[in-house]
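# Structural characterization, general
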Amino acid sequence: MARQAQYAGGIAITLQHFSLLGALRGEVNDAARLIGYVNVQYNELGFERESTEKWGYEKLMAALHEQLSDAEIEKLAAEGAAWSEDRAAEEALKV
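Each value, and the rule that gives it
Residues numbered from 1 in each chain as written. Predicted model: local features only at pLDDT ≥ 70, side-chain atom pairs only at ≥ 80, totals over all residues. Heavy atoms only, no water. Salt bridge = Lys/Arg side-chain N within 4 Å of Asp/Glu carboxyl O. Helix = DSSP H or I, 4+ residues; strand = E, 2+ residues; numbered from the N terminus. Buried < 20%, exposed > 50% of the residue type's maximum accessible area, 1.4 Å probe, protein only. Axes fitted to C-alpha atoms, helices over the stretch in contact; angles between N-to-C directions. Parallel < 35°, antiparallel > 145°, perpendicular 65-115°, else oblique. Left-handed = near helix turned anticlockwise from the far one by under 90°. Contact = heavy atoms within 4.5 Å. Nonpolar A, V, L, I, M, F, W, Y, C, P; charged D, E, K, R; others polar.

A word on the pattern of salt bridges. Under the defined criterion, the tally for this structure stands at 5 salt bridges. Of the charged contacts in the structure, one is a salt bridge between glutamate 79 and arginine 33, with a shortest N-O distance of 2.8 Å. One end of the pair, glutamate 79, is in helix H4 (residues 70–81); the other, arginine 33, is in helix H2 (residues 28–45), and 46 residues separate them in sequence. Under the relative-accessibility criterion, glutamate 79 is labelled partly exposed at 30%. Measuring nitrogen to oxygen at the nearest pair gives 3.0 Å for the salt bridge that ties lysine 75 to glutamate 79. On the criterion of helical spacing, the pair formed by lysine 75 and glutamate 79 is a turn pair, its members being 4 residues apart in helix H4. Residues participating in the shared-partner salt-bridge network are Asp30, Arg33, Lys75 and Glu79.

Spelled out as structure tokens, the structure:
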């Protein structure tokens, strides 16, 4: 719905939730890539995470750190940072 409404903030929030779901399911590589895309969107939009998004981000990063090193997370996030919105949405729907 956020994509249909062209609401970039809603898209970023939704994709972050998908990233958390992926991480909790053990799909940490995909989750790390997806959060890389999300982080770029937050920066470009000038958004700061509100309390719910902060909580989800902290849970996501904890889940990623259970299986990946900082270097691995950074590498995967950099890959996702280069994605288009279409690619990010496509990957999120695989979660």
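Moving on from the coordinates now.
Geometrically, a packed helix pair is captured by the angle between its two axes and the distance between the axes. Relative to each other, H2 and H4 sit at 55 degrees, their axes nearing to 6 Å. In terms of orientation, H2 and H4 fall into the oblique class. Here H2 runs over H4; the crossing is right-handed. Between H2 and H4, the contacting residues are Asn29, Ala32, Arg33, Gly36, Tyr37 and Val40 on the first element and Ile73, Leu76, Ala77, Glu79, Gly80 and Ala81 on the second. Residues of the contact of H2 with H4, tallied by class, amount to 7 nonpolar, 3 polar and 2 charged.

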